[in-house]
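What the coordinates show
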Amino acid sequence: MMPEARPVTTPPGARRAALLTPGAGLYSARVAWRHSLRFRLALTYSALSALLLMLITLGVVSLLLSRMEQQFVDRLNDRADTLAEAFTNTGGGLGRTAGGAGAYTLLIDPDGQVVAASPALRDYIDSGYPFGSLSRVPIQNTTVRAVKRAAGNFGTLWVGLPEDDLIAARQSALSALLLALVTAPLILLLTGWWVGRRALAGLEHAANLADQLDPARNLDPLPLPAREDEVQRLLVAINSLLVRIEAQQAREKQLLGQIVHELGAPLTVLKASLSRAEARLGDPEVARAALVADELTFTTQDLMQLARGQLELKLAWHYIPARTLRDRLDRLVPGTTFTGDWGGGILCDPDRLTQALRNLLANGRRHAGPEGTVTLDLHETPEKLCFRVRDSGPGLPAELGDRIFEPFVSGAGSSGLGLSVARQIARMHGGDLSGTNHPDGGALFTLALPGAALGDDSEDLEDAELLDEPPLAPATPPVT
């Protein structure tokens, strides 16, 4: 028989929990700059551009300095050749003064005596040649580069030109090169960052959209950008993947639904027959078989919940006494020890919460064995309700860790659905389920739910019905 559609209501504290929990799609705001593709591209672009600029600038500056050096040498040689030619061809026509604008000159006779000089060097006249084999000499705080030429019968002509302009030009070029090497990488980095931000804006938007995907809740296709580029191709591929995921989920749900349907009817008949036989005969073997039938019934319910998932499963909120939930669980899992405060009330979906806690208790009973103990403790604070299920079994396998809550992962040969479904139900209530090993031995599971005081909106309580004894979940899982 098809169950009635359950009302959809936001659980108490769910709105606040959603605000306090970082949501999907905020990755780009949280990502560190060193993990940013935009920064890495800008840095790579800047480094390569700076290296290329440095090589080009070094080549240009080297060529420029070489040309300036060659021009200076050509000018010096031309000056020397012109003066030497004048002495050679005109004899004494120039008199005894060797000169030229901007040049330093000395006329040295065959005996090595200075017989003529430009005005700045007149102090050397009638004295021995002072510079020997030096090609650069300091004169009046100026570096002068000089060459010698034969001056016919007059002897040797020494001609020098000041290097101040050449040195200043070389220093200016090197300063410009150093400034370019310092500022260019920074300018290139900022430019690359800005260009990368604009160029990768579509990719960042696509990443935010993909980060918001949750196949368990929503498989709507992502919007495509108008421009046909790599980003559009990426989103098209993601949408194609979503279509395949949706088709696969539909096939899995259909298969599980068929399995549950095929199991549900025989189990109903089997449970009814075993119940009548147990009442009539009182045989402990029949009672044990009835418990096995109950176990299979709950397994089919877990399968149905797994098939539906959070996307289709809805909660019907009721405010029930905690003792009502305790009595339910005591009938479903006999031998459970209840501790804590069960005198208050609980705002929940009674059927789903019963299913989650029953799975935890059955898991504990399975591990503790017939002679072991299983304890369910309820602790309430204004902020939350904590159900703690502890058993005296061997504890959780260390190698599984949090994977113990994944579907079909089990450390004891069971179906591996109970813990997965229990966590799913806890999270649908706005809470969570965690598991660890107790210091004194055995496993300890904590199912925490938001307290009723967290419901800030009045409609949360208005939509919840106050029931002393809500109806038990149907013996057979609903089939769709």
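Cut-offs used in this document
- Residues numbered from 1 in each chain as written.
- Predicted model: local features only at pLDDT ≥ 70, side-chain atom pairs only at ≥ 80, totals over all residues.
- Heavy atoms only, no water.
- UniProt positions renumbered as here; feature names shortened; annotations may be inferred.
- pLDDT = per-residue confidence, 0-100.
- Contact = heavy atoms within 4.5 Å.
- Helix = DSSP H or I, 4+ residues; strand = E, 2+ residues; numbered from the N terminus.
- Pairing = 2+ DSSP bridges.
- Axes fitted to C-alpha atoms, helices over the stretch in contact; angles between N-to-C directions.

In the nomenclature of an unreviewed UniProt entry, the protein corresponds to histidine kinase from the organism Deinococcus radiotolerans. Per its UniProt entry, the protein bears the Subcellular location (unreviewed entry) comment "Membrane". Of the protein, the UniProt comment under Catalytic activity (unreviewed entry) reads exactly: "ATP + protein L-histidine = ADP + protein N-phospho-L-histidine."

1. Focus on the confidence of the model for the protein
Confidence along the protein averages 76 in pLDDT terms, with 78% of residues attaining 70 or more. Confidence drops under a pLDDT of 50 for residues 91-100, and excluding neighbours within four residues, the segment shows 18 contacts in the predicted structure. Counting interchain partners and residues more than four positions distant, the pLDDT-below-50 stretch residues 454-462 has 14 contacts.

2. As for the side chain of Thr-446
Along the chain, the position of Thr-446 falls in strand S12 (residues 443-450). When sequence neighbours within four positions are dropped, the list of residues in contact with Thr-446 reads Cys-386, Phe-387, Arg-388, Asp-432, Leu-433 and Ser-434.

3. Focus on the sheet that holds strand S10 (residues 384-391)
Ordered in space as S7-S9-S10-S12-S11, the five strands form an open sheet in which the pairing is mixed. Every other strand in the sheet has two partners, leaving strand S7 (336-340) and strand S11 (432-437) as the edge strands with one partner each. Strand-to-strand, the axes of this sheet are offset by a mean angle of 20°, without reference to chain direction. Judged from the five bridges that link them, S7 and strand S9 (residues 374-380) form a sheet pairing that is parallel. Across the sheet, Thr-337 pairs through a bridge with Thr-375, a residue of S9. Lying on the sheet, helix H9 (residues 350-368) is in contact with S7, S9, S10, S11 and S12; it crosses S12 at an angle near 170°.

4. Focus on the environment of Val-231
With respect to the helices and strands, Val-231 occurs in helix H6 (residues 230-281). Distance from Val-231 to Glu-204, taken between C-alpha atoms, is 9.3 Å for residues 27 residues apart in sequence. Excluding anything up to four places from it in sequence, Val-231 contacts Gly-202, Leu-203, Ala-206 and Pro-225.

5. Notes on the UniProt feature "transmembrane region" (unreviewed entry) in the protein
In the numbering used here, UniProt assigns the feature "transmembrane region" (unreviewed entry) to residues 43-65 and 176-195. Helix makes up 100% of residues 43-65 and strand 0%. Its end C-alpha atoms lie 32 Å apart. Annotation note: span residues 176-195, helix share 100%, strand share 0%, distance between end C-alpha atoms 27 Å.

6. Points about the pairing of strand S2 (residues 114-117)
Here strand S1 (residues 104-108) runs beside S2; their pairing, made up of three bridges, is antiparallel. Bridging from a neighbouring strand, Leu-107 pairs with Ala-116 of S2. Connecting the antiparallel pair S1 and S2 is a turn made up of five residues, with Gly-112 showing a positive phi of about 85°.

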